[in-house]
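Coordinate analysis (summary)
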Amino acid sequence: MGCAIIGCGKALPALDVTNDDMAKLVETSDEWISKRTGIKSRKVAITETTTDLAEAASRQALGWTDGGYSERRINPEEIDLVILSTVTADVLVPSNAAIIRRRLGLINAACFDLNAACSGFVYALTVAEAMVAASATTKTRSDMVRALVISVDRPSRITNWADRNTCVLLGDGAGAVVIEHDPSRPGILSTYIANEDDVHNSLTCPMPLDVVPPFDEEGVNLEAAHQTEKSHASIDEELGITESLEAGAPRNVLRMNGQQVFKFSGRAMKQAVSQVCECAGVSLEEVKLIVPHQANERIIDFGARRMDIEKEMFQVSISHRGNSSGASVPMALSDAYEQGILKKGDKVVLVAFGGGFTLGAVLYEV
Ligand code: ACO
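Criteria and thresholds
- Residues numbered from 1 in each chain as written.
- Predicted model: local features only at pLDDT ≥ 70, side-chain atom pairs only at ≥ 80, totals over all residues.
- Heavy atoms only, no water.
- Helix = DSSP H or I, 4+ residues; strand = E, 2+ residues; numbered from the N terminus.
- Rg over C-alpha atoms; globule rule 2.2 N^0.38 Å.
- Buried < 20%, exposed > 50% of the residue type's maximum accessible area, 1.4 Å probe, protein only.
- Contact = heavy atoms within 4.5 Å.
- Areas by Shrake-Rupley, 256 points an atom, 1.4 Å probe, with all protein chains shown as cover.
- Lys, Arg positive; Asp, Glu negative; His and termini not counted.
- Charge placed at Lys NZ, Arg CZ, Asp CG, Glu CD.
- Axes fitted to C-alpha atoms, helices over the stretch in contact; angles between N-to-C directions.
- Parallel < 35°, antiparallel > 145°, perpendicular 65-115°, else oblique.
- Left-handed = near helix turned anticlockwise from the far one by under 90°.
- Nonpolar A, V, L, I, M, F, W, Y, C, P; charged D, E, K, R; others polar.
- Patch = residues over 30% accessible without salt bridge, like charges linked within 9 Å, V, L, I, M, F, W, Y side chains within 5 Å.
- Salt bridge = Lys/Arg side-chain N within 4 Å of Asp/Glu carboxyl O.
- Pairing = 2+ DSSP bridges.
- Phe/Tyr/Trp six-rings, centres within 6.5 Å; stacked < 30°, edge-to-face > 60°.

With that out of the way, let us pick up the overall build of the protein. Summing up its helical and strand segments, the protein has eleven helices and 16 strands in all. The C-alpha radius of gyration of the protein comes to 21 Å, within 12% of the 21 Å expected for a compact globule of 366 residues. Overall size of the protein, expressed as C-alpha extent along the three principal axes, is 65 × 50 × 35 Å. For the protein, the proportion of its 366 residues judged to be buried stands at 54%. For the protein, restricting intrachain contacts to residue pairs at least 6 apart in sequence, the fraction spanning at least 24 positions comes to 75%. Split by element, the accessible area of the protein, about 16300 Å² in all, is 52% carbon and sulfur. A distance of 5 Å separates the average location of the 35 positive side-chain charges in the protein from that of its 49 negative side-chain charges.

In the segment running from Val93 into Pro94, the intervening peptide bond is cis, with an omega of 0 degrees. Looking at the secondary structure, you find Pro94 in the loop between strand 5 (81–85) and helix 4 (96–104). In this chain, Gly356 is followed by Phe357 through a cis amide linkage whose omega measures -10 degrees. The residue Phe357 is located in the loop between strand 15 (347–354) and strand 16 (358–365) in this model. Positive phi is not limited to glycine here, since Asn201 has a value of about 50 degrees. Within the fold, Asn201 resides in the loop between strand 9 (188–195) and strand 10 (203–204).

Counting through the fold element by element, Ala352 comes out in strand 15. Residue class for Ala352 comes out buried when judged on its relative accessible area of 1%. Each C-alpha atom of the pair Ala352 and Ile179 lies 19 Å from the other, and the pair is 173 residues apart in sequence. Setting aside chain neighbours within four positions, we find Ala352 in contact with Cys118, Ser119, Val122, His293, Val329, Thr358, Leu359 and Gly360.

Here we take up the packing of helix 9 (residues 258–280) against helix 10 (residues 297–307). In the contact formed by helix 9 and helix 10, the axes pass within 9 Å of each other and the chain directions differ by 50 degrees. In terms of orientation, helix 9 and helix 10 fall into the oblique class. Taken as a pair, helix 9 and helix 10 cross one another with a handedness that is right-handed. Every residue of helix 10 that contacts helix 9 at Phe262, Ser265, Gly266, Arg267, Met269, Lys270 and Val273 is listed here: Arg298, Ile299, Ile300, Phe302, Gly303, Arg306 and Met307. Grouping the amino acids of the contact of helix 9 with helix 10 by side-chain chemistry returns seven nonpolar, three polar and four charged.

Within the secondary structure, Thr50 sits in helix 3 (residues 50–61). The class of Thr50 is buried, set by a relative accessible area of 0%. Ignoring sequence-local partners within four residues, the contact set of Thr50 consists of Thr86, Thr88, Asp90, Asn96, Val152 and Arg154.

Let us look at a nonpolar patch on the surface. A cluster of nonpolar side chains, contributed by Leu92, Val93, Met207 and Leu209, occupies part of the molecular surface with about 450 Å² of accessible area. Within the secondary structure, Leu92 is located in the loop between strand 5 and helix 4.

Pairing in this open sheet of six strands is mixed, and the strands run 4-1-8-7-5-6 from one edge to the other. Strands at the two margins of the open sheet, each flanked by one partner only, are strand 4 (69–70) and strand 6 (110–114). Pairing between strand 5 and strand 7 (residues 146–153): five bridges, direction parallel. The partner of Ser85 across the bridge, within strand 7, is Ser151. On the sheet, helix 3 packs against strand 1 (3–11), strand 4, strand 5, strand 7 and strand 8 (173–181) and is oriented at approximately 130 degrees with respect to strand 1. Set on the sheet, helix 4 makes contact with strand 5, strand 6 and strand 7; between it and strand 6 the angle comes to about 140 degrees.

Looking now at the packing of aromatic side chains. Enumeration according to the criterion identifies three aromatic pairs in this entry. Both rings, one in Phe264 and one in Phe357, keep their centres 3.9 Å apart while their planes meet at 5 degrees; by these two values the pair is stacked. Taken together, the positions of Phe264 in helix 9 and Phe357 in the loop between strand 15 and strand 16 put the pair 93 residues apart, joining distant regions of the chain. The exposure classification of Phe264 matches that of Phe357, with both residues buried.

Geometric descriptors of this kind do not, in isolation, establish any biological role.
Below, the structure written as structure tokens:
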């Protein structure tokens, strides 16, 4: 309680790629993609980096540029914490959050990145809220009143563009919110994060750690550095990647078992929404809007049916964006503000699910 969302923004790359464009890459059609996913087009970052998109979304959330939602212009020194969730970081070191700090002049902010796949934004918001709320009651040298929470992804950089099962689904983008501790406001009422084992390895993407150290089991061996990386083999085996490599697929791309993901996602959405509502003693009837991860419109339809609620209660922003992983929830939330759907006092559930498997939700009052 007492952590209000006071700003929200989004950023998208310039290039629009339609389903007809996708049909020039793989054997597919606008009809197949639209019917099975609700997607008509997606954005692909050609010149924009992950941090460029994160920066632009943050500027909106901070009230520095038009668009999105902002209760007031936040000064750079007022931000105490930046958490950036991504699975497609520009660099490993520094954190992408640290790059944002430097670009925006957030001189008082502690910064780190977080990876919880498509649930990244909900995880990051949950962690930020916990840190800001704890700072109000715990003795700490790092007072945290305001946090910038960003979720950004460029799935285009981990997509196998020859695999029609995955490439038609994804799109790039970024979303951000600013939260502020304000005891006079209800703000975030409850949060929930959880994991369950992805026993079928339904969503995997290896990391390209390709440097081979100049050692073998005996010690220094300069020849070793010219061999191929051996430690990949065991993780590839554990995550079921070896088989697709043997079939000639590239290694460092997203692999998905669509039907397993579908089953998990519908179940996860209902579970996470019920958990945050029960925890805050709020009934679904009292909720104005559910902002779900935009994985696939059919998953949203399925979730609505499972929860026995009207589809109109869901913010759906997938048709011209595709699935932009963790960025989809804050981008859809930004749409809801821009469309004037949300008013002071409205209760909103943000809900996400994805690789890991991760799931989570945040219930807050505008
Ligand atoms: N165009 C045309 N045909 C296709 C395409 C495509 N882009 N992709 C797959 N197909 C074919 C398959 O090859 C298969 O052909 P076959 O019968 O000759 O073997 C046929 O369509 C049916 O394939 P299925 O996988 O059974 O299709 P399904 O109805 O399950 O739809 C989909 C596939 C849309 C991926 C579905 O499983 C789904 O919605 N899954 C959820 C996954 C998802 O949304 N992931 C998002 C990323 S993960 C996340 O965000 C949590």
